[in-house]
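A structural walkthrough
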Amino acid sequence: MTATPKTLEAFMNWTRERNPGQEEFHQAVEEVAAHVLPFIAEHREYAEARILERLTEPDRIISFRVSWMADDGTVQVNRGWRVQLSNAIGPYKGGLRFTPGVSESVLKFLAFEQAFKNALTGLPLGAGKGGADFDPRGRSDAEIMRFCQSFMTELHRHIGPEIDIPAGDINVGPREIGWLFGAYKRIENRFDGALTGKGASFGGAPLRPEATGYGLIYFTACALEAMGEGMDGRSVLISGAGNVATHAADEAIRQGGKVITLSAHDGCLHHAAGFSHEQINEVRSHKAGGGHIKDLARPFGAKWRADAKPWDLPGHIALPCATQNEMQEADAQALVDNGVLLVAEGANMPLTPDAMGVLRRARTAYAPGKATNAGGVAVSGMEMSQNAMHGPGDREHVCRRLNETMVAIHQRCLEHGRRKDNRIDYVKGANIAGFRKLADAMLAYGVV
Ligand code: 2IT
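Counting restarts for each chain: residues are numbered from 1 in the order of the written sequence. Per-residue local features of the predicted model are confined to residues with pLDDT of at least 70, and side-chain atom pairs are confined, for both listing and counting, to 80 or more; whole-chain, interface and lining totals are unaffected and use all residues. Side-chain figures throughout are based on the complete set of non-hydrogen atoms in the structure, without hydrogens or water.

What follows deals with the sheet that holds strand S10 (residues 317-320). Strands sit in the order S9-S8-S7-S6-S10-S11-S12 across an open sheet of seven strands; the sheet is mixed. The open sheet has two edge strands with one neighbour each: strand S9 (303-306) and strand S12 (365-367). If you compare each strand with its neighbour and ignore which way they point, the axes differ by 15 degrees on average. Two strands pair under a simple rule: DSSP has to find at least two bridges between them. Helix numbers and strand numbers start at the N terminus; a helix is a DSSP run of H or I with at least 4 residues, a strand a run of E with at least 2. The axes are straight lines fitted to the C-alpha atoms, using for helices just the contacting stretch, and the angles between their N-to-C directions are given from 0 to 180°.

Attention now goes to the pairing of strand S2 (residues 75-86). Inspection of the sheet shows strand S1 (residues 60-69) paired to S2 by ten bridges, in the antiparallel sense. Counterpart to Arg65 in the pairing with S2 is Arg79. Pairing geometry for S2 and strand S4 (residues 127-132), over six bridges, is antiparallel. Bridge pairing in S4 places Gly80 opposite Ala132.

If you trace the backbone, Cys321 turns up in the loop between S10 and helix H12 (329-337). Partly exposed describes any residue whose relative accessible area lies between the buried limit of under 20% and the exposed limit of over 50%, with all areas from a 1.4 Å probe on protein chains only and scaled to the type maximum. Take Cys321: its relative accessible area is 7%, and that puts it in the buried class. Between the C-alpha atom of Cys321 and that of Gln76, which follows or precedes it by 245 residues, the distance is 31 Å. The contact rule is simple, with two residues in contact once any of their heavy atoms fall within 4.5 Å. Setting aside chain neighbours within four positions, we find Cys321 in contact with Leu216, Ile238, Ser239, Gly240, Val244, Ala245, Glu326, Gly346 and Ala347.

What follows covers the site of the ligand. Residue proximity to a molecule or strand is established when one non-hydrogen atom of the residue lies within 4 Å of it. What surrounds the ligand is a group of 14 residues, the closest being Lys93, Lys117, Asp169, Arg208 and Ser380. Throughout, the Shrake-Rupley method with a 1.4 Å probe supplies accessible areas, and for residues the shown protein chains are the sole cover considered. For the ligand, whose free accessible area comes to 290 Å², the fraction covered by protein is 94%. By residue class, the composition of the shell around the ligand is two nonpolar, seven polar and five charged. Under the grouping applied here, Gly and all other residues not named as nonpolar or charged are polar, the nonpolar ones being Ala, Val, Leu, Ile, Met, Phe, Trp, Tyr, Cys and Pro and the charged ones Asp, Glu, Lys and Arg.

So yeah, pure geometry; function would need other evidence.
Written out as structure tokens, the structure reads:
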């Protein structure tokens, strides 16, 4: 091959051959390539420099053993990774997740998505992702702390404020970032901004925990406005009950929405009257204490729907905030049948390609995670600036910039995503805007 092929089939054959068995990665690449290939075909310089092929080959992947001792004295062995995908527009940046489902394929898909997301924020942030196949469920605090410390005994040599700046993701919250940063600081004997999502007392940016969920709702407000709609009085279906889901719920309620669901992997909490801020706070503290959200059905006057998802319930706005591929074809069909106005992603790649197809055919407004959930990494970028300046954080400043960032991302989606019938193709808009920024930097560097 001498230049990027024009057809999706040829490009995906090449990708699949090079990355056998990595289905999540194929899925993320295919979604981007479908929009970017026609754009590349109109710009020979991108095709000849083979920018898209270079973006699908990470700069490097670090894989390492994490040994640690459980409370019962048994020795445990896990695998950790850091995928450093691209530092074309800034140091590698992206979260760490600890779940048994983590694999090289999952982390490559997440790092690839992160490249486009970070480009869309307008900040100088490259792309990375990492984590481990470690399941913290049922583990004591002491075990999770020892795991974090062992994980960092390897990771520390690969990160730094100008190199690679990890943050949290699934099962890696402020508590784990504290343990990871404590280990980093001790091993390196330096205090710097090598991690974001830190606690407020040691360099964390104000609003970082809330940023992804709040940002999702700021973007949702822009998308609704573009349709001549608004959040006020609308029913909102949210999946998940973690950091993104609960903060999205809070902001949706603040904007007048009625949030009627949250969910876990084994069912859905349905609160027809709508959750209050106090109840969302209780969800957070109940989970932090190791509890399950189903225990809250009775005290809230809500219903626990075992093994169900939120998507078959009538709602105007659907916000999948749990994990990849959580919304499938039948789920999307149920939403469409119930007249959903907008689907906006809080999680990374929560819709399967078939679910996206249902929304496309029904002409339902749909906004992808790389645009809608970028508020988290954007505030991480602000934390990096705050740390580099050795200054304190300013809550009002961060809050205003988060809102401005989400409005700007929505605008960037419009530049390449407006259709002839005036509806907006957010997936196309986000993919092309992100690609252009990365591609122009890569062209400037020559062949490296
Ligand atoms: O998916 C994501 O954007 C994140 N987990 C946040 C990454 C970050 O570096 O704040």
